[in-house]
Amino acid sequence: MPGNYIFRTPIGFLEIREENEKLTRLSLVQGGAQAAVQQQKFEHHSELLYEAFRQINEYFDGKRTCFHLPLHCEGTAFQQRVWKELQTIPYGQTRSYEQIAAGVGNPKAVRAVGAANGKNPILIIVPCHRVIHKNGDISGFACGIQVKRYLLDLEKRNQTVLIS
């Protein structure tokens, strides 16, 4: 049975969705989310939504560097390969669009990688925010540059703490 949950995070309201016991979406909600959040109660949601909520909050608290959730992302075969490749980028590190293109076996598909990145349905867990330009520019993020910078800084800061 499909379900969803909206909750507040340091980057704004996020919505998690699940279907057939797999997470299908984690996205930033624009406008009007506060009323929806105030009316929700977790007793009406699945264990998977609660577990996703818990793990995402641990990520923002700096206590989680990887996620253990069943995922299902709808997309083309190429998008699927890109999203799988994104999941190999370690916490606190970045890769260039060119590196991702090479990783999926098509080094010339840099723009296609960017397009697939922009269609990623499961933010943070499938870490499209960790993809940057080879010159270090962090432009290009569906949720805005400020959110991308926040996530990268969060991971860099917590990576230092977790290593110490």
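Keep in mind that what you see is a predicted model, and the values were worked out from it rather than measured.

**A few points about helix α2 (residues 47-60)**
In this model, α2 (14 residues) spans 20 Å end to end at C-alpha, consistent with the 20 Å of a helix rising 1.5 Å per residue. Listing the buried residues of α2 in full gives L48, L49, A52, Q55, I56, Y59 and F60. Taken down its axis, α2 places every buried residue within 140° of arc, on the same side. Of the residues one or two after α2, G62 is the one with positive phi, at around 80°.

**Re the environment of L152**
Relative to the helices and strands, L152 is located in helix α6 (residues 145-163). Sequence separation of L152 and Q93 is 59 residues, and the distance between their C-alpha atoms is 8.2 Å. For L152, the residues in contact, after removing those within four places along its chain, are T94, H129, R130, I132 and I138.

**Remarks on the sheet that holds strand β1 (residues 3-9)**
Reading across from one edge, β1-β2-β3 is the order of the 3 strands in this open sheet, with antiparallel pairing throughout. Whereas interior strands pair on both sides, the edge strands pair on one side only; in this sheet they are β1 and β3 (22-28). The average angle at which neighbouring strand axes cross in this sheet is 20°, direction not considered. Where β1 and strand β2 (residues 12-19) come together, 7 bridges link them in antiparallel fashion. Looking at β2, one finds that I6 is bridged to E15.

**Quick word on the confidence of the model for the protein**
Counting all residues, the mean pLDDT for the protein is 89, and 88% of those residues have values of 70 or more. Confidence scores differ between elements of the protein, with helix α1 (residues 33-39) showing the lowest mean pLDDT of 54 and helix α3 (residues 77-86) the highest of 98.

The rules we used
- Residues numbered from 1 in each chain as written.
- Predicted model: local features only at pLDDT ≥ 70, side-chain atom pairs only at ≥ 80, totals over all residues.
- Heavy atoms only, no water.
- Helix = DSSP H or I, 4+ residues; strand = E, 2+ residues; numbered from the N terminus.
- Expected span 1.5 Å × (residues − 1).
- Buried < 20%, exposed > 50% of the residue type's maximum accessible area, 1.4 Å probe, protein only.
- Arc of directions from axis to C-beta.
- Contact = heavy atoms within 4.5 Å.
- Pairing = 2+ DSSP bridges.
- Axes fitted to C-alpha atoms, helices over the stretch in contact; angles between N-to-C directions.
- pLDDT = per-residue confidence, 0-100.

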